[in-house]
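The primary structure of each chain is shown beneath.
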Amino acid sequence: DYIIVTEAGTHAEKAANYIAQCLEEASGVRLPVRVGSEGLSYSENSKWIVVGCDDLFLTAGLSMPEEDLGLTGYYIKTAGDSVFIAGNSVLSFQFGALAFLRHSVGYEMYSADTVVYENAGETLPDMNIVEKPDYDFNANSNSLAAESRCRYGMGYMNLSDIFVRVGESYWHNSFDFLDPKDKTNDPDWFNENKQQLCYTAKGDEKKLEAMLDKAMVKMVEGIEAAPNAGIVTFTVQDGDQQCHCDACLAEREKYGSYSGAIVKFVNRLADRVDAYLDEKAEAEGTEKRDLTIIFFAYYSTFKPPVKMEGGKYVPIDEDVVCRDNVGVFVAPIAEDYTRSIYDDANDSIREGMDGWSVLTDKMYVWLYETNFYNYLYPFNSFDSRVETLRYYNALGARYCFSCGQHDHLATDAHVTGFSHFKDYINSKAYHDVNVNYYTLADKWFSCYFADASEPMRKMFEEIQMWMRTMQYEYPVEFSGDIYADISQQKFWPKRILDRWLGYVDEAYVAMEKYRDTDPELYERVNEHIRIESVFPKFALATLHAGKFSEDELLQLRLEVKVDCEELNIKKVQEHIEITTVFSEWGF
């Protein structure tokens, strides 16, 4: 009897159509989606699911709650026989739609191909839901196609909805503002090898003013091209190259870090942006646009320009206190993500975060969750993830990205080492940092592996315990460093890898009964098992080649190659194609 009514616009229509798709999967009934409310008259007997449509919301006698919903919070309210999904911006519709589905049909997405409905949606429950994600904004960790169902259905956002894009990239983009290859740019704007900006223009104030003016031109171009995004990134180039001119070294000496000069530069740029937005709003008679500029605290710029006084951090001076429209994008690359954020190994990270928290109340975080030299090996940050996300959220972080295998760019690419489990953990914890890790693990293994969950859970937990053991036996070599060389034979004995592949065989046997009775489930779960078999097979094929006969090794390596090709496992490490390994094998 129901129809879905939505306002015109990409975000609202996408939310409405996703609701229709999921309700059909749960109940077998496809509800029509109507775009636009013209001609509709609300009554208590109207049977509508309404996404947006302020006019219908008001005529139903509804008003927004007093709670701060931000840009991605949502209000779901029953009025008569209808239910309304509303928010303060179009960014709320995705999260509101997913919440509606959770409460109406028990919706849960565990991976791109695993969606569960705990009830059939035969009745529509009364709803009065006021919620706001704990992280206002988020992005997926492993690469997911921009328009993929998985990205949307797990609550991950498109970067273009959050950030203004200047030039080619959202990150490490300072050269998109000021390009060292542009001969019209002053060479004193760059460090000695032109791999980073000089944020003091070699100490020349006139050149620094010209540098800011030129950056402002690019800033305005980006702002005008992305009228709905609220954050601009002005971030250092990748790596840890810094400027060593006398002026920059003096700033480092004064502030104890290269970050002081960056904060001062971005503050001055933000003053220009603020004045521009003031003038634009006055000229157009519109409300001033809310825009935040953020810079990276990364590698040697992670340390904040603060000092300790009276047992607490304070700014070294007022020049390095971020303007109201400036935030810090912290990227603690040195954090040991395989341990608790409260572990002694992470003392310096927490100290740095405490320091930044006194310089700005606008914090954004870029975390890490893979070994970038060893994509096919597990990275044991599973059980520390929720606590880590809870810690950064408590500091006031608004956006979170936990960098995984971001360059697996195929639409249906997969990652081994149980990395898809992290996709699920993140999707839940970004929304609610108080979720229980063990509850998430129970649900994910049960639904993702079905009847094969027991042997696959054994395999997973033994990998966790084994990696923790190696970490204690080899604390330097087998560390939580995201670049640690863990692909060594001594860390992965053949008997252990064979044992884990034995669990894989048990998992296949557990699913065999579905070959004819439920071929869709059979194929889907077998693929999940196959994904997790790649790591131990790859480790055997690379670390223990001498323990196989020539024919056995050829067969094993061919199996790994076929698995990777059919599962779209593209990279062996960051930016390095796995085909380089196959070439070494003679394929």
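Just so we're clear, the structure is a prediction, and the values are computed from it rather than from any experiment. Position labels on residues start from 1 in each chain and follow its written sequence. For a predicted model such as this one, the threshold for reporting local features is a pLDDT of at least 70, and the threshold for listing and counting side-chain atom pairs is 80 or more; totals across whole chains, interfaces and linings nevertheless cover every residue. In computing side-chain values, all of the structure's heavy atoms are included and hydrogens and water are not.

Draft legend 1. Summary view of the sheet that holds strand β5 (residues 82–86). Any two strands with at least two DSSP bridges between them are considered paired. Strands here are runs of E lasting at least two residues and helices are runs of H or I lasting at least four, both read from the DSSP assignment and numbered beginning at the N terminus. The strand order across the open sheet formed by six strands is β2-β1-β3-β5-β4-β8, and the pairing between neighbours is mixed. Here the strands that pair on one side only, and so sit at the sheet edges, are β2 (33–35) and β8 (128–131). Ignoring strand direction, the axes of neighbouring strands in this sheet form an average angle of 15°. With three bridges joining them, strand β3 (residues 48–51) and β5 adopt parallel strand pairing. Bridging across to β5, Val 51 finds its partner in Ile 85. Residues are treated as being in contact if the distance between any of their heavy atoms lies within 4.5 Å. Axis geometry follows a simple rule: fit a line to the C-alpha atoms, using only the stretch in contact for helices, then measure angles between N-to-C directions, giving values from 0 to 180 degrees. Sheet strands in contact with helix α1 (residues 10–27) are β1 (3–6), β2, β3 and β5, and its direction is about 165° off that of β1.

Draft legend 2. Geometry of the environment of Tyr 117. Looking at the secondary structure, you find Tyr 117 in strand β7 (residues 114–117). The spacing of Tyr 117 and Lys 47 is 70 residues in sequence and 22 Å in space, taken between C-alpha atoms. Excluding residues that lie within four positions of it along the chain, Tyr 117 makes contacts with Cys 22, Glu 25, Ala 26, Val 105, Gly 106, Tyr 107 and Arg 149. For the purposes of these results, a polar contact is taken to be a pair of N or O atoms within 3.5 Å, where, inside protein, one atom must be able to donate a hydrogen and its partner to accept one; residues adjacent in sequence count only when each atom of the pair is a side-chain atom. There is a polar contact of 2.4 Å between the side chain of Tyr 117 and the side chain of Glu 25.

Draft legend 3. Representation of the pattern of salt bridges in the model. Salt bridges are identified by distance alone: a Lys or Arg side-chain nitrogen within 4 Å of an Asp or Glu carboxyl oxygen. Counted by the stated rule, this structure contains 41 salt bridges. Taking the shortest distance from any N to any O, the salt bridge between Arg 149 and Glu 25 comes out at 2.9 Å. Of this pair, Arg 149 sits in helix α4 (residues 149–153) while Glu 25 sits in helix α1, placing them 124 residues apart in sequence. Whether a residue is buried, partly exposed or exposed follows from its accessible area with a 1.4 Å probe, protein chains only, as a fraction of its type maximum: under 20%, in between, or over 50%, in that order. With a relative accessible area of 40%, Glu 25 lands in the partly exposed category. A salt bridge links Lys 280 to Glu 284, with the shortest nitrogen-to-oxygen separation between them at 2.9 Å. Of this pair, Lys 280 and Glu 284 are both found in helix α8 (residues 259–284), four residues apart, which corresponds to roughly one turn of the helix. Salt bridges sharing common partners tie together Glu 205, Glu 209, Asp 213, Arg 268 and Arg 272.

Draft legend 4. Focus on a nonpolar patch on the surface. Like-charged residues are merged into a patch within 9 Å and nonpolar side chains (Val, Leu, Ile, Met, Phe, Trp, Tyr) within 5 Å, provided each residue has over 30% relative accessible area and no salt bridge. Per-residue and other accessible areas follow the Shrake-Rupley method at a 1.4 Å probe size, with only the shown protein chains counted as cover for residues. Judged by side-chain polarity, Leu 554, Leu 558, Val 562 and Phe 587 come together as a nonpolar surface patch covering roughly 300 Å² of accessible area. Here Phe 587 lies in the segment after α18 (579–584).

Draft legend 5. The state of the cysteines, seen in detail. Pairs of cysteine sulfur atoms within 2.5 Å are what we label disulfides. Under the definition given, this model contains zero disulfides. For the unlinked cysteine Cys 403, the closest cysteine sulfur is that of Cys 400, found at 11 Å.

Draft legend 6. Local environment of the packing of aromatic side chains. Two aromatic rings, drawn from Phe, Tyr or Trp (for Trp, its six-membered ring), form a pair once their centres lie within 6.5 Å of each other, and the interplanar angle then sorts them: stacked below 30 degrees, edge-to-face above 60, tilted otherwise. Enumeration according to the criterion identifies 63 aromatic pairs in this entry. Ring centres 5.3 Å apart and planes at 65° place the aromatic pair Tyr 377 and Phe 535 in the edge-to-face group. A residue pair is termed long-range when its members are at least 10 positions apart, and Tyr 377 in the loop between β16 (363–368) and α10 (385–394) and Phe 535 in helix α16 (residues 519–543) qualify at 158 residues. Grouped by ring-pair contacts, the aromatic residues Tyr 377, Tyr 474, Phe 478, Phe 491, Trp 492, Trp 500, Phe 535, Phe 538, Phe 582, Trp 585 and Phe 587 constitute a single cluster. Directly above the aromatic system of Tyr 170 lies the positively charged group of Arg 165, at a separation of 5.1 Å from the ring centroid. Whether a charge lies above a ring is judged from NZ of Lys or CZ of Arg, which has to be within 6 Å of the ring centre and within 35 degrees of the ring normal.

Draft legend 7. The arrangement of the pairing of strand β15 (residues 326–331) in detail. With six of six residues buried, β15 lies mostly within the body of the structure. Residues of β15 alternate between two faces, with Val 326, Val 328 and Val 330 on one and Gly 327, Phe 329 and Ala 331 on the opposite face, all of them buried. Sheet topology places strand β12 (residues 292–298) next to β15; six bridges connect them, and they run parallel. Paired with Phe 296 across the strands is Phe 329, a residue of β15. Here β15 pairs with β16 via three bridges, running parallel. From the neighbouring strand, Phe 329 faces β16, where its bridge partner is Tyr 364. Traced from β15 through helix α9 (residues 347–357) to β16, the parallel crossover comes out right-handed. Seen with its strands pointing away from the viewer, a crossover is right-handed when the path leading from the first strand over the helix to the second is clockwise.

Draft legend 8. Looking closely at helix α6 (residues 205–225). Take the residue count of a helix, subtract one, and multiply by 1.5 Å to get its expected span. In this model, α6 (21 residues) spans 30 Å end to end at C-alpha, consistent with the 30 Å of a helix rising 1.5 Å per residue. Structurally, α6 contributes buried residues whose contacts are with β10 (163–164), α5 (174–177), β11 (231–233), α8 and β12. For α6, the side-chain oxygen to backbone nitrogen distance between the N-cap and Lys 206 is 3.0 Å, and the N-cap itself is Asp 204.

Keep in mind these numbers describe shape, not what the thing actually does.
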